[in-house]
Structures are given as structure tokens and as C-alpha cells.
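Chain by chain, the residues:
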Amino acid sequence: MAGNSGTNRNALTPARQVNGKWLLLLSLFVIIISIVFVGYAFKALGPASNGTLFGTMFVNEGGNANATSGAVASYNVTLTAQRGTGSLLLTFLSGKDLVQNHLLSFSNYSITTTKITMVISEYAMTIPWEDNDTVWNHHFNNNYIASWGPSAPGAEIRGQVAGSVFGLPTRDYVEFRFAAQSANVAHGY
């Protein structure tokens, strides 16, 4: 092949060429599929407003989690939400039944990977995610927890919760816990 200038070689040519109209249609199709995918991903990963959560509530009349003065009470909590509204059902477990309102309605419910929010009796509640629960010696790690008490140390105050929505006096310590593994969250598609 010495001295061959390449003019006799077979050139690679496409069997078909795509005109501009087909390229435009293909591009539009890909863009539409991408938008649909992003929309479903956003909805699946965004806050949910439907679902059921199971948890517990603890009340201590002593004003903090470990107070020894006053009565204590424990409750199972069932949260049921549909389109951002729903109810909390408190079922008495042990101690002295201190709660006056065992069934409460709420609105503006939302759950994400970092917190649960809702409004009960015009009071906004925020229940943040806790990876490391030091108040109860890691017994409630990886739970949504909100707690408050007038004499509670800073480590025991998490999120926003008010005992008054349950008919409790302002001197009481109250703590909500929802386990993520017990959650049944529906995004409503």
C-alpha cells in the first residue's frame, strides 16, 4: 500500500441521515420524559400529608423527664392523617391518667425525613427527628421526638409541643415519640 493516497479506500457514510425535524421531535420527547421523572421524584421525596404513625406519649407532673415528685403517665399514640388533616388518639397505658383530651384533631400535617409538623388547637407542633436520644439512654434513637417541661434541662427540650392542648397544666413535662419504622406514609398518587 505504499504510495496510496487513500482515495481508493471505502469511506464510512451513515446509512441514513436524521433531518432537523426528527431531531427536534426526539429532543422534545426526551425533555417531556425528564420532566415527568423529576415530577414523580419530587412528589415521592417531598413531604407527605397522608399516613399513619404509631408512638407513645409520656407525661410527668414534676416538670421534667426524670422528676420524682408528682404522678406520671404513659400513652400509646395513633396518628392518622389524610390530606393534611387528621386525629391523634391517646390510649392510656400506665400510671395515672392525666390527659383530659384523648382524641384531638389537627391540621397542616406534614412529615419529612427531618420532622413532623401539625397544628392542634391553633398551636403549631414540631416534632424533629432524633438520631441520638440521650434523655432516655438511647432507647428512642431514630425516632421523631418533641418534649417540653418548665423545669426540664436544655437537653430535654426538643421541637415544639404544649401540654395544654391535651388539657395538662403548664407545670407538666410532656414528650411525644413516633418511631419511623412503624410509619405508614402515603403520598397520595
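A few points on the structure. From a predicted model like this one, the values you see are computed outputs, not experimental measurements. (Residues numbered from 1 in each chain as written. Predicted model: local features only at pLDDT ≥ 70, side-chain atom pairs only at ≥ 80, totals over all residues. Heavy atoms only, no water.)

1. Regarding the overall build of the protein
Here is the rule: The secondary structure listing takes helices from DSSP runs of H or I that are at least 4 residues long and strands from runs of E that are at least 2 residues long, numbered from the N terminus. By the convention used here, residues are in contact when the closest approach between their heavy atoms is within 4.5 Å. For the area figures, the Shrake-Rupley method with a 1.4 Å probe applies, and any residue is considered shielded solely by the protein chains shown.
When its secondary structure is counted, the protein shows 1 helix and 9 strands. Going from the N terminus to the C terminus, the protein shows its helices and strands as α-β-β-β-β-β-β-β-β-β. The contacts of the protein with a sequence gap of at least 6 include a subset with a gap of at least 24, amounting to 53%. A total of about 11500 Å² of accessible surface is found on the protein, and carbon and sulfur atoms cover 58% of it.

2. Digging into the nonpolar core
Here is the rule we go by: Take the buried residues of types Ala, Val, Leu, Ile, Met, Phe, Trp, Tyr and Cys, join any two whose side-chain atoms come within 4.5 Å, and each joined set is a nonpolar core. Using a 1.4 Å probe on the protein chains alone, a residue whose accessible area is under 20% of its type maximum counts as buried, one over 50% counts as exposed, and one in between counts as partly exposed.
Counting 31 residues, the largest nonpolar core has Met-57, Met-118, Phe-166 and Phe-178 as the members making the most contacts within it. Among the secondary structure elements, those contributing two or more residues to this core are strand E1 (50–60), strand E2 (72–82), strand E3 (85–95), strand E4 (103–111), strand E5 (115–120), strand E6 (123–130), strand E7 (143–148) and strand E8 (173–179). A per-element tally of this core places E2 first, with 5 residues. With sequence-adjacent residues up to four places away left out, Met-118 is seen in contact with Leu-79, Leu-88, Phe-106, Ser-107, Asn-108, Tyr-109, Tyr-123, Ala-124, Met-125 and Ile-127. In terms of nonpolar packing, the next biggest core, distinct from the first, is built from 5 residues, Phe-58, Ala-65, Val-135 and Ala-152 among them.

3. Focus: the packing of aromatic side chains
Here is the rule we go by: Paired rings are identified among Phe, Tyr and Trp, the last through its six-membered ring, by centres lying within 6.5 Å, and are further divided according to the angle between planes into stacked (under 30 degrees), edge-to-face (over 60) and tilted (the rest).
Counted under the stated rule, the structure contains 6 aromatic pairs. Between Trp-129 and Tyr-144, the ring centres sit 5.0 Å apart and the planes meet at 75°, which makes this aromatic pair edge-to-face. Taken together, the positions of Trp-129 in strand E6 and Tyr-144 in strand E7 put the pair 15 residues apart, joining distant regions of the chain. You can call Tyr-144 buried: its relative accessible area is 5%.

4. Things to note about a nonpolar patch on the surface
To keep it simple, the criterion reads: Patches here are clusters of residues that have more than 30% relative accessible area and form no salt bridge, with a 9 Å joining cutoff for like charges and a 5 Å cutoff for nonpolar side chains (Val, Leu, Ile, Met, Phe, Trp, Tyr). Basic side-chain nitrogens of Lys or Arg form a salt bridge, by our definition, when they fall within 4 Å of a carboxyl oxygen of Asp or Glu.
On the surface, Trp-22, Leu-24, Leu-25, Leu-28, Ile-31 and Ile-35 cluster together into a nonpolar patch covering about 650 Å² of accessible area. Structurally, Ile-35 can be placed in helix H1 (residues 20–45). Using a relative accessible area of 55% as the deciding quantity, one classes Ile-35 as exposed.

5. Some words on unusual backbone geometry
A positive phi angle, close to 55°, is found at Arg-83, a residue other than glycine. The residue Arg-83 is located in the loop between E2 and E3 in this model. Although it is not a glycine, Glu-122 adopts a positive phi angle of roughly 65°. Inspection of the secondary structure assignment puts Glu-122 in the loop between E5 and E6. Since its relative accessible area comes to 81%, Glu-122 is described here as exposed.

6. Topic: the pairing of E4
Our working rule: Pairs of strands are assigned from DSSP output, requiring at least two bridges between the strands.
For E3 and E4, the ladder comprises 4 bridges, and the chain directions are antiparallel. What sits directly across from Ser-87, in E4, is Ser-105. As paired strands, E4 and E5 are joined by 3 bridges and run antiparallel to one another. Residue pairing in the sheet places Ser-107 in a bridge with Val-119 of E5. Once E4 ends, the chain turns through 3 residues before running back antiparallel as E5.

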